[in-house]
Amino acid sequence: MSLTIHLPANLQPATDGQATISLDTNPATVADLIASLVARFPDLRPLLLTSDGMLLSHVNVFVDGRSHRDIDGLQTSLADAREIVFLTALAGG
Amino acid sequence: MSDLNPMPLPDLTDEERATYEWQMWVPGFGELGQRKLKRASVLVSRIGGVGGLVAYQLAAAGVGRLVLAHAGNVKPSDLNRQLLMTHDQVGKPRIDSAVRRLRELNPRLQIRGVAENVHPGNARALVEDVDLVVDCAPLFEERFAMNDAAVQLRKPMVECAMYDMEAQITTIVPGQTPCLRCLHPEAPRTWTRQFPVFGAVSGVVACLAAVEAIKMLTGIGQPLTGRILKCDLRNMNFFSLQISRRADCPTCMVQSQESSDSPPSNCHSDSISDA
Ligand SMILES: [Zn+2]
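Residues numbered from 1 in each chain as written. Chains lettered and ligands numbered in written order. Predicted model: local features only at pLDDT ≥ 70, side-chain atom pairs only at ≥ 80, totals over all residues. Heavy atoms only, no water.

Peer 1: Please provide a residue-by-residue account of the coordination of the zinc ion, values included.
Peer 2: Residues and elements named next belong to chain B. Note on the zinc ion: its protein donors are Cys179 (SG), Cys182 (SG), Cys249 (SG) and Cys252 (SG). The metal-donor distances range over 2.3 Å. Around the zinc ion sit four donor atoms, and with donor-metal-donor angles ranging over 100 to 120° the site reads as tetrahedral. Sequence spacing among the residues donating to the zinc ion works out to C-x2-C-x66-C-x2-C. The class for Cys182 is buried, based on a relative accessible area of 3%. (Donors = N, O, S within 2.8 Å, 3.2 Å for Na, K, Ca; no water. Tetrahedral: all angles 85-135°; square planar, octahedral: opposite > 155°, others 65-115°. Buried < 20%, exposed > 50% of the residue type's maximum accessible area, 1.4 Å probe, protein only.)

The following block contains the structure:
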């Protein structure tokens, strides 16, 4: 199953300006997804993770419209997932 | 939805009926909805690119009273998006420019202009003065101060923000929905006071926020409660995302202890190991 990942504007400088990334094969879990994204785009690391590898608290990962925090956290399975949306905190007013 | 304001509904004047005729044709709104707007009071935190348009739309719609909080003087760099500010007011207080523009649009509008930004020391008194809050501040410190006061006082708050060509909006109902700290417990360290913005983008989220305010004040439609609308205006992708309260949210915990509600548990470890 292919997976489409939507990244917010403030992460796109770390992904060569890509707003959307498509994967032909789904990672097993949200943790695996983040690890593979950070491996592919190293500049994403400080935008997503703390220095000790925790997901930053102002980053939410939505799996087909539901927050990973409301499913199984970083162990949320992506086996049947179609769409991932990263949501980060904004304050522009 | 129960009324946010316990005061009796005021009647409309003939002038008001003429002004609001076309919106009173909206099904489910009618003259009753217009009277609810006339009775209502709304606090808008900062009246810049987002808040200025929120205030303008609410003034146009006939909300009875606005409380506006914004410090500082008009700068040239405000003028690409802060549509309540004008060239002739550069160097003069923003709040004065905003009040003048709003009165030109709606001379019946009651306005309390506060030449301060929101902070923990004034948030509670500002929120106490109104039925509903629209949070449009450009700094997380101000947003968290407003969030905490709104939740403590059980006042609904429309939370709207933008960056670059993206916008986000949700409506917070204390005791029922997640609050700002449930969604984002901490501010990003990388957030800066200045950010890329077109006025058309801040205006989009402002108009969405004004729609939410009108719905909350009059009970029409389905507000953005328990979900956040993320708008990617660069690619025109819109996402409606479900959100829920965090069991460890300090703001909701205090409010829950006061009201003996308890938020749902949703704690998970957020540690990542490298691939
Ligand atoms: Zn909360």
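After that view, the rundown keeps rolling.
Peer 1: Report on the packing of helix α3 (residues 51-61) of chain B against helix α4 (residues 94-105) of chain B, specifying residues and quantitative values.
Peer 2: Residues and elements named next belong to chain B. Orientation of α3 relative to α4, taken along the N-to-C sense of each, is 30°, at an axis distance of 9 Å. Comparing their axes, α4 and α3 come out roughly parallel. Crossing handedness for the pair α3 and α4: right-handed. Contacts between α3 and α4 involve Ala55, Tyr56, Ala59 and Ala60 from the first element and Arg101, Leu102 and Leu105 from the second. (Axes fitted to C-alpha atoms, helices over the stretch in contact; angles between N-to-C directions. Helix = DSSP H or I, 4+ residues; strand = E, 2+ residues; numbered from the N terminus. Parallel < 35°, antiparallel > 145°, perpendicular 65-115°, else oblique. Left-handed = near helix turned anticlockwise from the far one by under 90°. Contact = heavy atoms within 4.5 Å.)

Peer 1: How would you sum up helix α8 (residues 199-218) of chain B? Please name residues and give values.
Peer 2: The end-to-end C-alpha distance of α8 of chain B, which contains 20 residues, comes to 28 Å, matching closely the 28 Å that a straight helix rising 1.5 Å per residue would cover. Looking one or two residues beyond α8 of chain B, the residue adopting positive phi is Gly219 of chain B, at roughly 80°. (Expected span 1.5 Å × (residues − 1).)

Peer 1: Report on the interface of chain A and chain B, specifying residues and quantitative values.
Peer 2: Each partner contributes to the interface: chain A provides 41 residues, whereas chain B provides 43 residues. Both sides of the chain A and chain B interface together cover about 3400 Å² of buried area, and 59% of this is carbon and sulfur. Looking only at chain A, the three residues that lose the most surface to chain B are Leu90, Ala91 and Gly93 of chain A, adding up to 20% of its buried area. Summed over the shared surface of chain A and chain B, the result is zero salt bridges. (Buried area = accessible area lost by both parts, 1.4 Å probe. Salt bridge = Lys/Arg side-chain N within 4 Å of Asp/Glu carboxyl O.)

Peer 1: Run through unusual backbone geometry, naming residues and quoting values.
Peer 2: Residues and elements named next belong to chain B. The phi angle at Arg154 is positive, at roughly 55°, despite the residue not being glycine. By secondary structure assignment, the location of Arg154 is in the loop between α6 (140-152) and β5 (157-163). A positive phi angle, near 60°, is found at Asp164, a position not held by glycine. Within the element layout of this structure, Asp164 appears in the loop between β5 and β6 (166-172). The buried category is assigned to Asp164, whose relative accessible area is 17%.

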